[in-house]
Amino acid sequence: MDIDHLCIGGGPAGIFAALTAADVGKHCAILEANEQLGRKLRITGKGRCNLTNNCDRDTFFTNIPGNGKFLYSAFSRCTPQNVMDFFESHRVPLKTERGNRVFPMSNRAEDIVVTLQKCVRKAGIPVIRGRAKSLIIEDGCCVGIRLTDGGEVRAGTTLIATGGLSYPKTGSCGDGYRFAMQAGHTIVSPQPSLVPLVTKETWCRDAIGLSLRNVTLRLYFGEKCIFEELGEMLFTHFGVSGPLVLSASAYMRKGDPMQYHLEIDLKPGLHSEKLDRRIQRDLRENQNRDIGNVLRKLLPARLILPVLRECQIAPDTKANSVTRVQRQHLGDFLKAVPLHIRGFRPIDEAIVTRGGVSVQEINAKTMESKQCKNLYFAGEVLDVDGFTGGFNLQIAFSTGYSAGIGMAGIL
């Protein structure tokens, strides 16, 4: 089979590249190992698909912690507004929520996937079912791929948009890195980003499944606070997860994970003095009750015993027996619950992969390889990633669009 342009990977980057090139009359095809396109998209945003962030240029790049400059050109060609206009023009109403996160009005990621699938069919883009085995490189130029079933697909240009290593069940198994190395590319070591964290403290298991809302999470590298945000988090059998934790993990880009620690402010709406007065009032009004019962008005039930244990206060201590030192220690603890990080959860539990094909070896305007002619890269396979909030999908759309116009030669 000979075609103009082949996109390996039927995710947002590969689809946008194919649609862009097909829009100017190019014969494109998508190679996809899964039965359907956009499998990973179905589970993004907890099944709601946070497809972009309705922000300006400066805000976008503030949320790209590494290699943001590489995206300047791609972002200028395909902005969040362009992505929103694309889906709304295809009758997918959108809404903007907290943090400028953009979701389909229906709260269904399936609507985004189905729309992309319809666009591919309408554009006449064939979807080849199969898995790439290796690139076909002749005289320093990529001319197609070999498939695992022994077949070949010859193409004028080839795009690698295979994703990273996160969510391997959706097909992201790192093939793209292998193809890139075959073409002479450097791979920056893939690491998990936006990932749950394993803590040294085992008491988190006592609160397993407990979701905290409206708490402030702080992340420290040594003694320096490098992340602080109000939101939601979750206790698990291994440590902590949830939106705040995933966001914090993306800031852990230096050194060893054990050099970082977390602090949870369980009562961000109360300054220390006001919280102390609240605790004093509760103790005074319940003098003959056990402290474990008194705290039910202040804390979720599953946190009471772990908190008292960490503060070395017996849960059956009568309220009128709690000392001033114990009370103040309790208040200080609630304002800064310490959690020491032991490591990341496995990369297959991460939302995105940090690392990948070195962007120094990629043309930022066209997404073409500087190492191998007619070979292109887009999406998570590249060494560029963002924080939570729709930024990573915007990276996929923007780089996919740039690759599409680069492959089609319409820059």
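Provided above is the structure to which this section pertains.
The rules behind these values
- Residues numbered from 1 in each chain as written.
- Predicted model: local features only at pLDDT ≥ 70, side-chain atom pairs only at ≥ 80, totals over all residues.
- Heavy atoms only, no water.
- Helix = DSSP H or I, 4+ residues; strand = E, 2+ residues; numbered from the N terminus.
- Buried < 20%, exposed > 50% of the residue type's maximum accessible area, 1.4 Å probe, protein only.
- Contact = heavy atoms within 4.5 Å.
- Areas by Shrake-Rupley, 256 points an atom, 1.4 Å probe, with all protein chains shown as cover.
- Lys, Arg positive; Asp, Glu negative; His and termini not counted.
- Charge placed at Lys NZ, Arg CZ, Asp CG, Glu CD.
- Core = buried A, V, L, I, M, F, W, Y, C linked by side-chain atoms within 4.5 Å.
- Pairing = 2+ DSSP bridges.
- 1 Å grid on protein atoms, 1.4 Å probe; cavity = no way out; pocket = protein on both sides within 12 Å on 5 of 7 lines; lining within 4 Å.
- Points joined across faces, edges and corners; volume = space filled by probe spheres on them.
- Nonpolar A, V, L, I, M, F, W, Y, C, P; charged D, E, K, R; others polar.
- Phe/Tyr/Trp six-rings, centres within 6.5 Å; stacked < 30°, edge-to-face > 60°.
- Disulfide = S-S within 2.5 Å.
- Axes fitted to C-alpha atoms, helices over the stretch in contact; angles between N-to-C directions.

A.B. asks: Teacher, can you tell me more about the overall build of the protein chain here?
C.D. replies: Helix and strand content of the protein chain: twelve helices and 18 strands. Summarising its shape, the C-alpha atoms of the protein chain cover approximately 85 × 40 × 35 Å along the three principal directions. For the protein chain, the residues scored as buried account for 56% of the 411 residues in total. Expressed as a percentage of contacts within the protein chain between residues at least 6 apart in sequence, the contacts between residues at least 24 apart total 72%. In the structure as shown, the protein chain presents an accessible area of about 18000 Å², 47% of it carried by carbon and sulfur atoms. Looking at charge distribution, the protein chain has the averaged site of its 52 positive side-chain charges lying 4 Å from that of its 41 negative ones.

A.B. asks: How should the nonpolar core be read in this particular structure?
C.D. replies: Most often, soluble globular proteins keep nonpolar side chains buried together rather than apart. Residues L6, L51, F87 and L382 are the most contacted members of the largest nonpolar core, which totals 78 residues. Here F87 is in contact with L51, V92, L94, I112, T115, L116 and F397, once residues within four sequence places are set aside. Counting residues in each nonpolar core, the second largest holds 44 residues, with V240, V294, L303 and F333 among its members.

A.B. asks: Quick question: what am I supposed to make of the sheet that holds strand β3 (residues 52-53) here?
C.D. replies: Consider a sheet: its strands pair through backbone hydrogen bonds, and that pairing is either parallel or antiparallel. What the three strands build is an open sheet, ordered β3-β5-β4; its pairing is antiparallel. The outermost strands of the open sheet, each flanked by one partner alone, are β3 and β4 (94-96). Examined bridge by bridge, β4 and strand β5 (residues 101-104) share three bridges and lie antiparallel to one another. Considered in β5, the bridge of L94 is made with P104.

A.B. asks: What exactly am I supposed to notice about unusual backbone geometry here?
C.D. replies: Negative phi characterises most residues that are not glycine, and trans characterises most peptide bonds. In this structure, N100 is a non-glycine residue whose phi angle is positive, near 60°. Topologically, N100 is positioned in the loop between β4 and β5. Note on N100: relative accessible area 35%, which makes it partly exposed. A positive phi angle, near 55°, is found at L194, a position not held by glycine. Turning to its location among the elements, L194 is positioned in the loop between β10 (187-193) and β11 (197-199). In this structure L194 comes out as buried when scored by relative accessible area, which is 2%.

A.B. asks: Quick question: what am I supposed to make of the pairing of strand β15 (residues 260-265) here?
C.D. replies: The two faces of a sheet get side chains in turn, since along a regular strand they alternate between them. In terms of burial, β15 is a largely internal element, six of the six residues being buried. Residues Y260, L262 and I264 of β15 are buried on one face, and the alternating residues H261, E263 and D265, pointing to the opposite face, are buried as well. Examined bridge by bridge, strand β12 (residues 211-221) and β15 share six bridges and lie antiparallel to one another. Following the sheet pairing, T216 is matched in β15 by D265. With four bridges joining them, β15 and strand β16 (residues 337-344) adopt antiparallel strand pairing. Across the sheet, E263 pairs through a bridge with P338, a residue of β16.

A.B. asks: Looking at this model, I keep getting lost on helix α10 (residues 301-310). Mind explaining?
C.D. replies: Think of an α-helix as turning once every 3.6 residues; residues three or four places apart then point the same way. Listed as buried for α10 are L303, I304, P306, V307 and L308. At the exit of α10 stands Q312, carrying a positive phi of roughly 60°.

A.B. asks: Sorry if this is basic, but what is going on with the layout of surface pockets here?
C.D. replies: By rolling a water-sized probe across the atoms, one finds the places where empty space is left. The volume enclosed by the second largest pocket comes to roughly 640 Å³. L19, F86, H90, T115 and C119 are, among the 25 residues lining the second largest pocket, the residues nearest its centre. Mapped by element, the contributors of at least two residues to the lining of the second largest pocket are α1 (12-22), α4 (80-89) and α5 (109-122). Class assignment for the residues of the lining of the second largest pocket results in 14 nonpolar, five polar and six charged.

A.B. asks: Teacher, can you tell me more about the packing of aromatic side chains here?
C.D. replies: Within a pair of aromatic rings, the relevant descriptors are the distance that separates the centres and the angle that separates the planes. Scanning the entire structure with this criterion turns up 13 aromatic pairs. Plain terms: the ring middles of F60 and F391 are 6.1 Å apart, the flat faces sit at 50° to each other, and that makes the pair tilted. You can see F60 sitting in helix α2 (residues 57-62) and its partner F391 sitting in helix α12 (residues 391-408), a full 331 residues away along the chain. Considered together, F60 and F391 belong to a single accessibility category, that of buried residues. Pairing F221 with Y260 gives two aromatic rings, centres 4.7 Å apart and planes at 35°, and the pair type is tilted. Of the two residues, F221 is situated in strand β12 and Y260 in strand β15; the sequence distance between them amounts to 39 residues.

A.B. asks: Sorry if this is basic, but what is going on with the state of the cysteines here?
C.D. replies: The term disulfide refers to a covalent linkage connecting the sulfur atoms of a pair of cysteines. Applying the stated criterion to the full structure yields zero disulfides. Its sulfur unpaired, C49 is 14 Å from the next cysteine sulfur, which belongs to C119.

A.B. asks: Would you mind going over helix α6 (residues 175-182) with me for this structure?
C.D. replies: Those residues of α6 that sit buried are D175, G176, Y177, F179 and A180. Where α6 is buried, its residues contact β7 (132-138), β9 (152-160), β10, β17 (352-357) and β18 (375-377). G184, located one to two residues past α6, shows a positive phi value of around 95°.

A.B. asks: For this particular structure, what's the right way to read the sheet that holds β12?
C.D. replies: Taken in spatial order, the six strands close into a barrel running β11-β14-β13-β12-β15-β16, and their pairing is antiparallel. Adjacent strand axes in the sheet meet at a mean angle of 45°, parallel and antiparallel pairs treated alike.

A.B. asks: Just checking my understanding: could you explain the pairing of β5 for this structure?
C.D. replies: Of the two faces of β5, both are covered, the one formed by R101 and F103 as well as the one formed by V102 and P104. For β3 and β5, the ladder comprises two bridges, and the chain directions are antiparallel. When the sheet's bridge partners are listed, T52 is paired in β5 with V102. Counted between consecutive antiparallel strands, the loop separating β4 from β5 contains four residues, among which G99 sits at a positive phi close to 75°.

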